[in-house]
Amino acid sequence: MALQHCRGSLNKIQVSVDLVATSLSKLSNHGFSRRFCSTKQKDMKFGLLFDIDGVIVRGRKVLPFAPEAFRHLLDGNGNFRVPTVFVTNAGNLLRHDKAVQLSKWLDTEIHEDQVVMAHSPLRLFQNFHDKRVLVSGQGPVADIAKNLGFTKITTVDEVRQAFPVLDAVDHKRRVSAPSPLEKSFPRIEAIVLFGEPIRWETSLQLLVDVLMTNGLPSEAPKVVPRPHLPILACNMDLQWMAEACMPRFGHGAFLVCLENLYKKITGQDLIYTALIGKPSEITYFHAERMLVKHARKIGINGPIRRIYAVGDNINTDIFGANLYNQYLSRSLVAAKRSVAMGARNIYHLLGGDPRDNMQEAEQCFSVLVETGVYSHDREDCLLDHSPRDFLPVEEKLRQPNYCVGNVLHAVEHIFQQENLH
């Protein structure tokens, strides 16, 4: 099956990891961190990407292996010696707030430039920044959108205030009279879905209404517009791991509802202009840019050739890392042949200046941990929960390069692979 190789090699990896852990502990007691920083750091050619939920924390509870794992990444002064970026599909916070949260959890300073949220790559979508966008999710969604560069922002709550009669599922909140705000409501030009909202029934109803009326749900449409408004959707996780004993619904579950309702009501497929967050290649592309910036900040001026992406979800973390590795391989082949990448060149697709392209990596390795969504004891982990637009998935893209018990073992195994013991 997809993970037979992973399971079969887990015990061997565990033995190696234990030996490495003992060696690292002894070396650390003799000032290993300071010597490593002065003699090895300038030559380092790899960087680390870490998922958060299910790898570092479960809900608000820090996993016991996490703080020690990240101490391995620091020098004698408590500064990062290995390029490190955190890539999460969460979308309910600003990067700064997530960095503060991580700093508290790991007892080390994390800068916001080390954090990639599900919505972070939207900074690259500048052609949408001056459009009137409807944003959905929870948390400070308007502030998040503004921070990303959007200038004309409308929330689902503001749509409900302007068109209160459209929200009819909750009988206690039903309103029979229209609002005077309806006349001055600006037409929506695009939709941005940050994450799962609080009241799914309200958001689903109003999103479908806005799509069917081409951005102005003041009267019933005579025909359903085709194509519908652009949709930028972040965070495709069907499930995520919190404190509960089983995975919980993620934004991917909300998207499944939206896709199927729109199809059932209109007879047309819901089409995403872009899907952002893991497993999309553009998220790893953006994360690599952040990784290179962090490398320069900590004094590593050489290229970062290898990326290790650590996660707990086969259908997002592992699939995404392997998908990006495939993209990197194609980029290398094109570079050797001196031909343009065309549609496969993400940076050109976004209209960026090629001189600003910070892509350096040649390989992206996927590292699966068993502290979150994935567990070799659960049969449902073999089910394909990948997003609709990524199906069908090649089975090899769901197979991790390495499988270990937790994030500490992941760091130790990566050090072993890079001969840092």
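Anything mentioned here points back to the structure above.
Residues numbered from 1 in each chain as written. Predicted model: local features only at pLDDT ≥ 70, side-chain atom pairs only at ≥ 80, totals over all residues. Heavy atoms only, no water.

Trainee: Quick one: what's the story with the sheet that holds strand β6 (residues 132–136), residue by residue and with numbers?
Mentor: Here five strands make up an open sheet; going across it, the order is β7-β6-β8-β9-β12 and the pairing parallel. Single-partner strands in this sheet number two, and they are β7 (152–155) and β12 (274–276). Strand-to-strand twist in this sheet, taken as the mean axis angle between neighbours without regard to direction, amounts to 20°. Examined bridge by bridge, β6 and strand β8 (residues 190–193) share four bridges and lie parallel to one another. Note on β8: the bridge partner recorded for Val 133 is Ala 190. Contacting β6 and β7, helix α5 (residues 141–148) crosses the sheet at an angle of about 160° to β7. (Pairing = 2+ DSSP bridges. Helix = DSSP H or I, 4+ residues; strand = E, 2+ residues; numbered from the N terminus. Axes fitted to C-alpha atoms, helices over the stretch in contact; angles between N-to-C directions. Contact = heavy atoms within 4.5 Å.)

Trainee: I'd like a description of the packing of aromatic side chains, backed by residues and values.
Mentor: Per the counting criterion, the structure on display carries 12 aromatic pairs. Summarising the aromatic geometry, the rings of Phe 319 and Phe 390 are spaced 5.8 Å apart at their centres and angled 85° between planes, so their arrangement reads as edge-to-face. Linking Phe 319 in helix α10 (residues 314–337) with Phe 390 in the loop between β14 (363–369) and β15 (402–404), this pair joins segments that are 71 residues apart in sequence. Judged by relative accessible area, which is 18%, Phe 390 ranks as buried. (Phe/Tyr/Trp six-rings, centres within 6.5 Å; stacked < 30°, edge-to-face > 60°. Buried < 20%, exposed > 50% of the residue type's maximum accessible area, 1.4 Å probe, protein only.)

Trainee: Requested: an account of the packing of helix α7 (residues 200–212) against helix α8 (residues 251–266), with residues and values cited.
Mentor: For any two helices packed against each other, one specifies the inter-axial angle together with the distance between the axes. Look at α7 against α8: their axes get within 10 Å of each other, and the N-to-C directions meet at 45°. Our classification of the angle between α7 and α8 gives oblique. Once α7 is placed against α8, the crossing between them reads as right-handed. Note on element contacts: α8 touches α7 through Ala 253, Phe 254, Cys 257, Leu 258, Leu 261, Tyr 262, Ile 265 and Thr 266, opposite Trp 200, Ser 203, Leu 204, Leu 207, Val 208, Leu 211 and Met 212. Tallied by class, residues from the contact of α7 with α8 come to 13 nonpolar, two polar and no charged. (Parallel < 35°, antiparallel > 145°, perpendicular 65-115°, else oblique. Left-handed = near helix turned anticlockwise from the far one by under 90°. Nonpolar A, V, L, I, M, F, W, Y, C, P; charged D, E, K, R; others polar.)

Trainee: So what about the pattern of salt bridges? Which residues, and what values?
Mentor: Enumeration over the complete set of coordinates arrives at 15 salt bridges. Measuring nitrogen to oxygen at the nearest pair gives 2.6 Å for the salt bridge that ties Asp 167 to Arg 160. Here the two residues Asp 167 and Arg 160 agree in accessibility, since each one is buried. Here Glu 394 ties to Lys 396 by a salt bridge, and the two come within 3.7 Å at their closest N and O atoms. Among the residues examined, Lys 396 registers a relative accessible area of 53% and is labelled exposed. (Salt bridge = Lys/Arg side-chain N within 4 Å of Asp/Glu carboxyl O.)

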